[in-house]
Amino acid sequence: MTSVPASAEPAAARLAASAPWDAEADDALVCLAVRDETHDVKTFVLAPKEPRRFAYAPGQFLTFSFEIGTDTIHRCYTISSAPTRPNAVSFTVKRVPGGPVSNWLHDNLKPGAVVRALGPMGEFSCFTHPAKKYLLLSGGSGVTPMMSMARTFHDLGEARDVAFVHSARSPADIVFRCELETMARLDPGFRFRAVCETDSAGEVWAGPKGRLSLEILREAVPDWPEREVFVCGPKPYMDAVRAMLKDAGFDMARHHQESFDFGELSESEQAAATEAEKELDAEAAPSGGMRTFRVEFAKTRRVLECPENETVLDAARKAGIRLPSSCAKGLCGTCKSKLTSGTVAMTHAGGIRQREIDAGMALLCCSKPTSDLVIER
């Protein structure tokens, strides 16, 4: 019998793991490795303390709880690894100037550090829309769910026709470039094309230049109308792609895009992105006879009035109070907050655990007050 070297025992134990990871039982994940993808993008590889297997669909995300200073901040990040490699899970983050979480991750999350996670969650996956031909379109940080899908198809070795077109600012900003080019070289059923807005300091871009257009798409993927299309990226990118496909007569029933942006926007970008929504919210006044409750945010000492038929998040937006949020559907957990006092009626979609509810936590995006509230924010 061949013995396993002592130095290899942890790795051997992890590969031999048979029990699935259960975030409800133990949500602590240990950082195993940090990898530089580009000058401002890092991948963080995580695993439970005890060997466990991850099960998820490519394209799904995890909601993380990060202890930053004296605050607990919740953020969603798409899984960039593939479920075909179940013994660890990875997420990939771009450093955003002024971004409190992305900068903290880049500067502080090192091998051995522990973070907490809930999930996996989300319906944005190629597994939910089986097809013979796929077109993956991504911009910037939106590459991560597409990478999980591409890695999965590559590992499975199935006869799938997958075309991947990624938009980046410059050649230096193409995340996973070497791996994607290698996959395209090894797999005749996989095509990768990058579109860059400009050259980088060390490379004059020889491929399609500018922003994704119908002409570029037709040249890169001539049969694109025959494909199941997945789109992820910043909201302006997704809006532009949606309009482009719709104007070209594409069957939009085969168009799938991530319903919220997993990236971390700056203050001004977040304000601009929600301005139209705030204006629409302001038009909806509570009907006569509706009870209204006082909502106080303990840390900022802001106070607002919230009708019983309105979520706390919507009422805060109308009052000009910015709260962390992403999906606004009770799914991602970004708006999770502690109720110091008061009660709410909450209908969520899996973004909070029962033990967190029992401890007084609530998702503000899907919580309507049933009494006056004091919220620890």
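Read on for a plain summary of the structure. (Residues numbered from 1 in each chain as written. Predicted model: local features only at pLDDT ≥ 70, side-chain atom pairs only at ≥ 80, totals over all residues. Heavy atoms only, no water.)

**Digging into the side chain of Ser367**
As a reminder of what qualifies: Helix numbering and strand numbering both begin at the N terminus, where a helix is a DSSP run of H or I of at least 4 residues and a strand a DSSP run of E of at least 2. N or O atoms closer than or at 3.5 Å make up a polar contact, with two conditions inside protein: a donor-capable atom paired with an acceptor-capable one, and, for residues adjacent in sequence, both atoms drawn from side chains. Whether two residues are in contact is decided by their heavy atoms, any of which lying within 4.5 Å being enough.
Locating Ser367 in the fold gives a position in strand β17 (residues 367–369). Looking at Ser367, its side chain comes within polar contact range of the main-chain oxygen of Leu363, at 2.6 Å. Residues contacting Ser367, with those up to four places away along its chain left out, are Glu310, Thr311, Val312, Val344, Ala345, Met346 and Ala362.

**Considering the environment of Leu212**
The criterion, for reference: Only protein chains enter the area calculation, which uses a 1.4 Å probe; residues under 20% of their type maximum are buried, those over 50% are exposed, and those in between are partly exposed.
With respect to the helices and strands, the residue Leu212 is situated in the loop between β9 (190–196) and α5 (214–220). Residue Leu212 is classed as buried on the basis of its relative accessible area of 15%. With 25 residues separating them in the primary sequence, Leu212 and Tyr237 have C-alpha atoms 9.0 Å apart. Apart from residues no more than four positions distant in its own chain, Leu212 is found in contact with Leu137, Val165, Ser167, Val195, Leu217, Tyr237, Val241 and Met244.

**Quick word on the sheet that holds strand β1 (residues 28–38)**
The test is simple: In this description, strands pair whenever DSSP reports at least two bridges between them. All axes are obtained by fitting lines to C-alpha atoms, using only the stretch in contact for helices, and the reported angles, taken between N-to-C directions, cover 0 to 180 degrees.
Ordered in space as β4-β3-β6-β1-β2-β5, the six strands form an open sheet in which the pairing is antiparallel. The open sheet has two edge strands with one neighbour each: β4 (71–78) and β5 (89–94). Strand-to-strand twist in this sheet, taken as the mean axis angle between neighbours without regard to direction, amounts to 35°. On the sheet, helix α2 (residues 100–108) packs against β2 (41–48), β3 (61–68), β4 and β5 and is oriented at approximately 80° with respect to β3.

**Overview of the pattern of salt bridges**
Counted only if it meets this: Salt bridge, as applied in this entry: a Lys or Arg side-chain nitrogen positioned within 4 Å of an Asp or Glu carboxyl oxygen.
A complete count under the given rule lists 28 salt bridges for this structure. The residue Arg177 makes a salt bridge to Glu181 at a minimum N-O spacing of 3.1 Å. Of this pair, Arg177 and Glu181 both sit in helix α4 (residues 177–186), four residues apart, which is roughly one turn of the helix. For the salt bridge of Glu203 with Arg177, the shortest nitrogen-to-oxygen distance reads 2.8 Å. Within this pair, whereas Glu203 is found in the loop between β9 and α5, its partner Arg177 is found in helix α4, the two being separated by 26 residues in sequence. Each of Asp27, Arg116, Lys336, Arg353, Arg355 and Glu356 takes part in salt bridges that share partners, so that together they form one network.

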